[in-house]
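Chain by chain, the residues run as shown.
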Amino acid sequence: MTHKIRLQDLAILGGRPAFDGPLYVGRPNVGDRQRLLVRINDLLDRRWLSNDGPYVQELEQELSRLVGVRHCVAVCNGTIALQLAIRAADLSDKVIVPSFTFVATAHALQWQGITPVFADIDAKTHNIDPGHVEALIDDRTTGILGVHVWGRPCDVDALGDIARRHRLPLLFDAAHALGCSHEGRMVGGFGDAEVFSFHATKTVNTFEGGAVATNDDALAARVRAMRNFGFAGEDQVTSVGINGKMSEVAAAMGLTSLESMAEFIAINHRNYALYRRQLADVPGVQLMGYDESEHHNYQFVVLEIDAATSDLSRDELRDVLRAEGVLARRYFYPGCHHLEPYRSSGTAAPLENTDAVAARVLSLPTGTAVRPEDIDEVCRIIRLAVGGARDLRARLFEARFGAPRASRQ
Ligand code: T4K
């Protein structure tokens, strides 16, 4: 690793990149490799590789216990989990959802012929704004799908109240929120159902995987049947279904990953605290906070670059970091309503906060693959670039156009 001390050391200005290889935002957490290999040997000996096998059942029990729900139905990924929950809750026509989310949330609706109606977010929490949700409800609305963005729970109480008054099912995309709590209650038990993702990049992973968590027995039974082609018995099919099953090898990874969850979260928390300390006094940038009185998985470290007070834009900082090998990501830019097919449908109302937040967020590398010295260096780069923004801009201009900026004006 090369340490950056002066502005001219920055790779974007021709210096050597700080990192020899890419530093990713979310390298997978691996956990105890030996425990995983023992489980893989077991499942091979058993010759039971899929179809509701013993590891899948064990994982479902462990997850239900962790989250405090009656049912946790494991499936092959978070997107299919969303689709199954949406179908099991009988949603159709129009469903209200935030635009500031990973596109899978909107696609899970659209894929089933349901129109996502995009609600704005609260600029502070980045979560769906209950006031806007209520304003969007009309006689074609069949449900509300909130997203616990960054694992910070939505305003579940206000949304629950709106859903009750309008008699609408309420679902949550909790893809980011395993291990997170709201007023001491673990995410997983809110609304009619919540959906987790166990993608490779999540705190707990099953390579690819997801789950529907619910306290509703009938909804859980529908999800279970639909994930297995709608089978209700050997020769009996009682509903339309899909192949949404989780494999045994995925569940083996999930069980192993869950055993190390506390350790993963402790490392994420350490990383977050390091970033927070080192970026505290950098003008114009702010690290998104977590309520320390609740449980969090600290999976996301999100920097907000305020265009009004920082001389460097979010995209310029991203370019500076990328040149150093730091692959910071603009999750969830530009917002689903600017992506196809939603953009062309032209139905989204202006979403002021979504646009503003999507323009200023930058996710930084964290997880067990990121070392404290990596964070020190990333923060040094950010401090250098933001602190010397004017000079940096002038030098980039000169490098590009061959003359100092002032002489061109
Ligand atoms: N709802 C929400 C709110 C979500 O955020 C997501 C997924 C879903 C629903 C759908 O759940 P799944 O169907 O995925 O279970 C990544 C993840 O693929 C995606 O799961 C996640 N959200 C989203 C926020 O991030 P990409 O396209 O940005 O992933 P990618 O491939 O660029 O990987 C992210 C980083 O991790 C990179 O920096 C590279 C690194 N990486 C990735 C993989 C897969 C590795 O180092 N090793 C790996 O094996 O979406």
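(A) Structural detail: the domain arrangement of the chain. According to the domain assignment, the chain consists of domain 1 (7–27 + 261–328 + 365–401) and domain 2 (33–259). Centre-to-centre, using C-alpha coordinates, domain 1 lies 31 Å away from domain 2. The interface of domain 1 with domain 2 comprises 16 residues on the first partner and 22 residues on the second. Surface buried jointly by domain 1 and domain 2 totals about 1600 Å² across both partners, of which 56% is contributed by carbon and sulfur atoms. The tally of links from domain 1 across to domain 2 stands at zero salt bridges. For the side of domain 1 that touches domain 2, the elements supplying multiple residues, two or more each, are α9 (261–279) and β14 (301–305). Among the elements that make up the side of domain 1 that touches domain 2, the one with the highest residue count is α9 (four residues). For the side of domain 1 that touches domain 2, the residue count by class is seven nonpolar, seven polar and two charged.

(B) Spotlight on the nonpolar core. Counting 93 residues, the largest nonpolar core has Leu-303, Leu-317 and Leu-321 as its most contacted members. The greatest single-element share of this core, amounting to eight residues, is contributed by helix α13 (residues 372–387). Domain assignment of the residues forming this core places at least three in each of domain 1 (7–27 + 261–328 + 365–401) and domain 2 (33–259). With sequence-adjacent residues up to four places away left out, Leu-321 is seen in contact with Val-326, Ala-328, Leu-362, Leu-364, Val-378, Ile-381 and Ile-382. Formed by 29 residues, the second largest nonpolar core is a distinct cluster that contains Leu-91, Val-212, Leu-219 and Met-226.

(C) Region of the structure containing the pairing of strand β5 (residues 141–147). Of all seven residues making up β5, seven are buried, and the element is well covered by its neighbours. Taken together, the three bridges between strand β3 (residues 94–98) and β5 define a ladder with parallel strand orientation. Opposite Ile-96, over in β5, you have Ile-144 as the bridge partner. For the segment spanning β5, helix α6 (residues 156–165) and strand β6 (residues 170–173), crossover handedness is right-handed.

Calculation rules
Residues numbered from 1 in each chain as written. Predicted model: local features only at pLDDT ≥ 70, side-chain atom pairs only at ≥ 80, totals over all residues. Heavy atoms only, no water. Domains from an automatic or database assignment. Contact = heavy atoms within 4.5 Å. Buried area = accessible area lost by both parts, 1.4 Å probe. Salt bridge = Lys/Arg side-chain N within 4 Å of Asp/Glu carboxyl O. Helix = DSSP H or I, 4+ residues; strand = E, 2+ residues; numbered from the N terminus. Nonpolar A, V, L, I, M, F, W, Y, C, P; charged D, E, K, R; others polar. Core = buried A, V, L, I, M, F, W, Y, C linked by side-chain atoms within 4.5 Å. Buried < 20%, exposed > 50% of the residue type's maximum accessible area, 1.4 Å probe, protein only. Pairing = 2+ DSSP bridges. Right-handed = clockwise from strand over helix to strand, strands pointing away.

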